Amino acid sequence: MAKQTIIRFADNELTLLRGSARGKGVQVDLCVREALPEGAMINGLVTDAGLLGEALEALRQKAGAGGKAKLVIDGGQLMMKALSAPKLTEKQLLNVTRSELEELGTAGRDMVYTYAETPGPLAENGKPAGRDILCCGAERGLLEQYVEAAEGAGWKVTAIETVLGSCIRMAEFLPTLAGQSFILVTLDGNTEVTYLFSGGRYLMSSRSRILEPRGTTAVMGTVLGHVSTMQQFSQGQKNTEPARVVYFAGLEGEEEKGCKLIEDTLGLAAGPLPEDGAVTGAEGSGFSLAGALAAAGALAPVKRRTADLYAALRAKKAPAGMEKKSGGLPWAVPIALAAVLAVGFGALLAMNLSLRREIAAVQKFTQDPENVAIVERVQTDRQAAGEYDAARAQAE
């Protein structure tokens, strides 16, 4: 397979990988990084396009040339949701994606939608019992910022994938992770993301800011709480295997020593993500799997559909069946509404007539002289009985 260039965007730095899929593995020939000036990006949002452009230009010079590149992005601005999906057409799954993400607050925003197919649940015999999809959405303006910044620095964008989608691909591709139940913690600058997998199937993830200084054991004190939450959720699921190991990607300095804290506290094996023969770096490439996991995931071959936000961005209109209708209600709708109102009015009128008949019957019964005399005798007897009981009590 031809070589590909991957550019991974994080708040603190840019990572470029150049490599290709070979047989059942991936080889990385080049891995270079460029630190991002403070304020260039915050939580995946481009806050200073000029600073980002300068960093991309410097990254291009380190790589030796520009050319085509696939972007891998992340951040709180992206809308993503994993769910089980029946056998539906592509158009129907795009409709499902849009509907699900609009419930998360995307309604009224100029959004771009797509989805990826991911490993689903397994039956008792180990064969797939269904399939999952990862719904993805991003504001059009955000994606355009990434494209403009990359192309302004001499790169031709070919695709835009998400870090979550890339990590899911690696969890399926790497023999170390494939089919396993584990917790994956990635540390990028001041951002920590914790992922939960069961039997190779992605279940959920959480994102948080790292407030402690990076490279110190204090970082693992915060991570411990997030891992504990994932462990409790994992153990509380009836139909999934609980996680038994925690892998870390992006550890710095003294942070690795904190893995023993997690082992002693939670009873889970914990340590850096080990190197895997399925993804290797050429001699002198500067590549390590734990240090560039998300970028490497974009190189991994996959047979399932991936979520390409750039392809969705370039589509001139929403897929058929997703367009919002306009121009007034069809003529059949007012007729249907009128029929419903007519039926409701008729039912209400019938209820009123029935109620009037019942009221008239009650009035006739209570005004009948014979019935009135009976009521008066009953009241007289009750009064006499009360007086008798009082006299007897006094005599006793």
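Residues numbered from 1 in each chain as written. Predicted model: local features only at pLDDT ≥ 70, side-chain atom pairs only at ≥ 80, totals over all residues. Heavy atoms only, no water.

(A) Expanded view of the packing of helix α5 (residues 218–236) against helix α6 (residues 259–266). Direction vectors running N to C along α5 and α6 enclose 40°, while the axes themselves pass 10 Å from each other. Between α5 and α6, the angle falls in the class oblique. Like other packed secondary-structure pairs, α5 and α6 cross with a definite hand, here right-handed. Taken together, the residues of α6 that come into contact with α5 (itself represented by Met220, Gly221, Val223, Leu224, Val227, Ser228 and Gln231) are Cys259, Leu261, Ile262, Thr265 and Leu266. (Axes fitted to C-alpha atoms, helices over the stretch in contact; angles between N-to-C directions. Helix = DSSP H or I, 4+ residues; strand = E, 2+ residues; numbered from the N terminus. Parallel < 35°, antiparallel > 145°, perpendicular 65-115°, else oblique. Left-handed = near helix turned anticlockwise from the far one by under 90°. Contact = heavy atoms within 4.5 Å.)

(B) Region of interest: the pairing of strand β14 (residues 245–249). With five of five residues buried, β14 lies mostly within the body of the structure. Neither face of β14 is left uncovered, since the one carrying Val245, Tyr247 and Ala249 and the one carrying Val246 and Phe248 both have all their residues buried. Bridging between strand β11 (residues 182–188) and β14 involves four bridges; their strand directions are parallel. Paired with isoleucine 183 across the bridge in β14 is valine 246. Both β14 and strand β15 (residues 269–272) contribute to a ladder of four bridges, which runs parallel. By the bridge assignment, valine 245 is partnered in β15 with alanine 269. Running through α6, the crossover from β14 to the neighbouring parallel element β15 is right-handed. (Buried < 20%, exposed > 50% of the residue type's maximum accessible area, 1.4 Å probe, protein only. Pairing = 2+ DSSP bridges. Right-handed = clockwise from strand over helix to strand, strands pointing away.)

(C) Looking closely at the sheet that holds strand β8 (residues 111–118). A sheet is described by the order of its strands in space; here three strands give the open sequence β7-β9-β8, paired in antiparallel fashion. The sheet is open, and its two edges are formed by β7 (79–85) and β8, each paired on a single side. On average, each strand axis in the sheet is tilted by 20° relative to the strand beside it, whichever way the strands run. For β7 and strand β9 (residues 131–139), the ladder comprises seven bridges, and the chain directions are antiparallel. Along β9, the bridge assignment pairs alanine 85 with arginine 131. Relative to the sheet, helix α3 (residues 140–152) contacts β8 and β9, its axis offset from that of β9 by approximately 80°.

(D) Spotlight on the packing of aromatic side chains. Under the counting rule described, the total for this entry stands at four aromatic pairs. The interplanar angle of 65° and the centroid separation of 5.8 Å between the aromatic rings of phenylalanine 197 and tyrosine 202 together place this pair among those described as edge-to-face. In this pair, the class of phenylalanine 197 matches that of tyrosine 202, namely buried. An aromatic cluster is built from Phe182, Phe197, Tyr202 and Tyr247, whose rings are joined through pairwise contacts. A cation sits over an aromatic face here: arginine 305 above tyrosine 115, 3.9 Å from the ring centre. (Phe/Tyr/Trp six-rings, centres within 6.5 Å; stacked < 30°, edge-to-face > 60°. Lys NZ or Arg CZ within 6 Å of the ring centre and 35° of its normal.)

(E) Summary view of the environment of lysine 62. Position of lysine 62 among the secondary structure elements: in helix α1 (residues 49–63). Each C-alpha atom of the pair lysine 62 and leucine 16 lies 9.5 Å from the other, and the pair is 46 residues apart in sequence. In this view, lysine 62 contacts Val32, Arg33 and Glu34; residues no more than four positions away in its chain are not counted. A distance of 2.9 Å separates the side chain of lysine 62 from the side chain of glutamate 34, its partner in a polar contact. (Polar contact = N/O pair within 3.5 Å; in protein donor to acceptor, adjacent residues only side chain to side chain.)

(F) Geometry of the pattern of salt bridges. Across all of its chains, the model carries 21 salt bridges by this definition. Salt-bridge contacts for lysine 260 lead to aspartate 264; the nearest nitrogen and oxygen are separated by 2.8 Å. With lysine 260 and aspartate 264 both in helix α6 and four residues apart, this pair spans about one turn of that helix. Both residues of the pair, lysine 260 and aspartate 264, belong to the exposed class. When salt bridges that share partners are traced, they join Lys70, Glu161 and Arg169 into one network. (Salt bridge = Lys/Arg side-chain N within 4 Å of Asp/Glu carboxyl O.)

(G) Broad picture of the environment of aspartate 110. Within the secondary structure, aspartate 110 is located in the loop between α2 (90–106) and β8. The class for aspartate 110 is partly exposed, based on a relative accessible area of 47%. Residues aspartate 110 and arginine 140, 30 residues apart in the sequence, show an inter-C-alpha distance of 5.9 Å. The residues touching aspartate 110, leaving out its near neighbours within four places in the chain, are Ala138, Glu139 and Arg140.

(H) Summary view of the layout of surface pockets. For the second largest pocket, the calculated volume is near 350 Å³. Taken together, the elements giving at least two residues each to the lining of the second largest pocket come down to β2 (13–22), α4 (163–173), β11, β14 and α7 (293–297). Of the residues belonging to the lining of the second largest pocket, the class tally is 13 nonpolar, six polar and six charged. (1 Å grid on protein atoms, 1.4 Å probe; cavity = no way out; pocket = protein on both sides within 12 Å on 5 of 7 lines; lining within 4 Å. Points joined across faces, edges and corners; volume = space filled by probe spheres on them. Nonpolar A, V, L, I, M, F, W, Y, C, P; charged D, E, K, R; others polar.)

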